[in-house]
Amino acid sequence: MVTAKVWVLKKHFEGFPKTSDFDLKKIELPNLKNGELLLESVFLSVDPYMRPYSQRDMKEGDIMIGTQVARIVESKNPAFTVGAFVVAGSGWRTHFISDGRDLRCLPSSWPESLPKSLALGTVGMPGLTAYFGLLEVCKMKPGETVLVNAAAGAVGSVVGQLAKIGGCKVVGCAGSDYKVAYLKKIGFDEAFNYKTVTSLYEALHKASPDGYDCFFDNVGGEFASIVINQMKKYGRIAVCGAISQYNDSMPKKGPYVQIPMVSKELQMEGFLVTRWNNRWEEGLNALLKWVVEGKVQYHEQVTEGFENMPTAFIGMLRGENLGKAVVKV
Ligand code: NDP
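Residues numbered from 1 in each chain as written. Predicted model: local features only at pLDDT ≥ 70, side-chain atom pairs only at ≥ 80, totals over all residues. Heavy atoms only, no water.

Looking at an unreviewed UniProt entry, the protein carries the name Prostaglandin reductase 1, with the source organism given as Leptosomus discolor. The UniProt entry for the protein carries this comment under Subcellular location (unreviewed entry): "Cytoplasm". (UniProt positions renumbered as here; feature names shortened; annotations may be inferred.)

This is the structure in structure tokens:
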């Protein structure tokens with residue numbers, strides 16, 4: 001009999017999440033039936049979507065949603081061998097049982113030297129979000145100027161590097177000077193700290209006086225309202241996320257978008273990375289190749305200890321992470 005530790009949502013978040021909104025519990029797992037596997041989480045992901053999705057999909061007392069890299073510790077399913085690593089979406093749990101249908105194996109070419117936690121970040125869902133968002137929604141072309149916000153995070157840092165590989169000029173914004181220095185190190189042409197500039201409009205204008213062809217928006221809200229007026233004619237805006245709004249208790253009113261949309265003939269498209277579930281393998285193989293070749297660099301913010309899941313999640317929402325925020329069990 002195995003005892004799993006799990007984090008449950010004790011109380012729906014009101015405004016910014018607090019550690020007291022979570023509860024750590026223990027549950028006894030039953031013995032395996034034929035066809036089942038026992039897995040232990042090795043790395044767990046903390047992601048912005050957990051904030052709005054918990055409100056939409058969960059009730060108080062439910063185990064927190066989320067993905068992990070897990071190791072198979074026992075198998076009664078001939079398709080899976082003990083010791084193999086997989087990506088699962090089993091929520092905030094140390095151990096769990098699966099029938100194998102919801103598991104994704106790491107790409108077979110995954111080098112031993114590469115951290116398996118990257119399967120939750122640069123070579124996982126966030127990397128794919130950057131890949132498909134840039135290629136299919138922004139439809140970037142060589143010579144164009146791409147802007148990305150939350151640029152030093154899991155998605156944003158890949159967006160900037162893929163745009164450079166695609167022959168674009170890249171501008172990024174992040175919330176600390178340390179993050180800005182990192183963006184320059186990984187090849188961004190222009191980067192600035194959106195928290196310390198006196199005028200966001202001026203900073204964006206200085207970084208690209210001609211404006212922006214593509215805007216990969218992770219932040220939404222006021223930031224996006226300012227950028228829309230600096231888009232070039234026929235510019236494309238990929239609405240990936242709206243992290244500046246996830247903790248709002250009351251929806252804010254902002255400027256309306258129609259006038260710049262019409263006068264500049266813009267395209268603005270929201271997307272979810274799951275739209276390309278049938279091209280997951282293509283995206284992962286491309287990202288893995290670039291990482292192995294050193295063309296895409298990565299950084300991970302690793303929090304040690306399953307007991308620190310809520311702290312890591314809250315820290316990520318506050319901007320304490322450089323690159324992908326993960327928890328090592
Ligand atoms: P990150 O690793 O970028 O972490 C979140 C970052 O957001 C923080 O580090 C912080 O960086 C920034 N941030 C927090 N609050 C604000 C704010 N009020 N204004 C501006 N920036 C803020 O997370 P991800 O890369 O995982 O996700 C980035 C975005 O992409 C999110 O909006 C997420 O919901 C979205 N997403 C969408 C997907 C889709 O399918 N559409 C899939 C995956 C992610 P800083 O210090 O710079 O403020």
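Enquirer: An account of the site of the ligand is needed here, citing residue identities and associated values.
Expert: Taken together, 27 residues are adjacent to the ligand, and Lys179, Tyr194, Tyr246, Val273 and Asn321 come closest. Within the contact set of the ligand, an oxygen atom lies 2.7 Å away from a backbone nitrogen or oxygen of Val155. A distance of 2.6 Å is found between an oxygen atom of the ligand and a side-chain nitrogen or oxygen belonging to Asn321. Bound to the protein, the ligand loses 90% of the 910 Å² it would expose on its own. Among the secondary structure elements, those contributing two or more residues to the shell around the ligand are helix H2 (125–138), helix H3 (154–165) and helix H9 (309–318). The class makeup of the residues in the shell around the ligand is 17 nonpolar, nine polar and one charged. Taken domain by domain, the makeup of the shell around the ligand includes at least three residues from each of domain 1 (2–120 + 299–328) and domain 2 (125–274). (Near = heavy atom within 4 Å. Polar contact = N/O pair within 3.5 Å; in protein donor to acceptor, adjacent residues only side chain to side chain. Areas by Shrake-Rupley, 256 points an atom, 1.4 Å probe, with all protein chains shown as cover. Helix = DSSP H or I, 4+ residues; strand = E, 2+ residues; numbered from the N terminus. Nonpolar A, V, L, I, M, F, W, Y, C, P; charged D, E, K, R; others polar. Domains from an automatic or database assignment.)

Enquirer: Go over the domain arrangement of the protein with me, naming the residues and quoting the values.
Expert: As assigned here, the protein comprises domain 1 (2–120 + 299–328) and domain 2 (125–274). With 19 residues of domain 1 at the interface, the matching set in domain 2 holds 14 residues. Where domain 1 abuts domain 2, roughly 1200 Å² becomes buried across the two surfaces, and 61% of that area is made up of carbon and sulfur atoms. Inspection of the domain 1/domain 2 interface yields zero salt bridges. Taken together, the connections running from domain 1 to domain 2 amount to four residue pairs in polar contact (both at pLDDT 80 or more). Here the element with the most residues in the side of domain 1 that touches domain 2 is helix H1 (residues 50–57); it accounts for three residues. Here the side of domain 1 that touches domain 2 is built from residues that sort into 10 nonpolar, five polar and four charged. (Contact = heavy atoms within 4.5 Å. Buried area = accessible area lost by both parts, 1.4 Å probe. Salt bridge = Lys/Arg side-chain N within 4 Å of Asp/Glu carboxyl O.)

Enquirer: Explain the pairing of strand E11 (residues 212–217) to me, and be specific about the residues and the numbers.
Expert: With six of its six residues buried, E11 lies for the most part within the structure. Two elements, strand E8 (residues 145–148) and E11, share three bridges in a ladder whose sense is parallel. Bridge pairing links Val148 to Phe216 in E11. Where E11 lies against strand E12 (residues 231–239), five bridges are found, and the strand directions are parallel. Counted as the bridge partner of Asp217 is Val239 from E12. (Buried < 20%, exposed > 50% of the residue type's maximum accessible area, 1.4 Å probe, protein only. Pairing = 2+ DSSP bridges.)

Enquirer: Break down the packing of H2 against H3 for me, with residues and values.
Expert: Taken N-terminus to C-terminus, the directions of H2 and H3 make an angle of 45°; their axes are 8 Å apart at the nearest point. Our classification of the angle between H2 and H3 gives oblique. Handedness of the H2/H3 crossing: right-handed. Taken together, the residues of H3 that come into contact with H2 (itself represented by Pro126, Gly127, Thr129, Ala130, Tyr131 and Leu134) are Ala154, Val155, Val158, Val159, Leu162 and Ala163. Here the residues of the contact of H2 with H3 are counted per class, giving 10 nonpolar, two polar and no charged. (Axes fitted to C-alpha atoms, helices over the stretch in contact; angles between N-to-C directions. Parallel < 35°, antiparallel > 145°, perpendicular 65-115°, else oblique. Left-handed = near helix turned anticlockwise from the far one by under 90°.)

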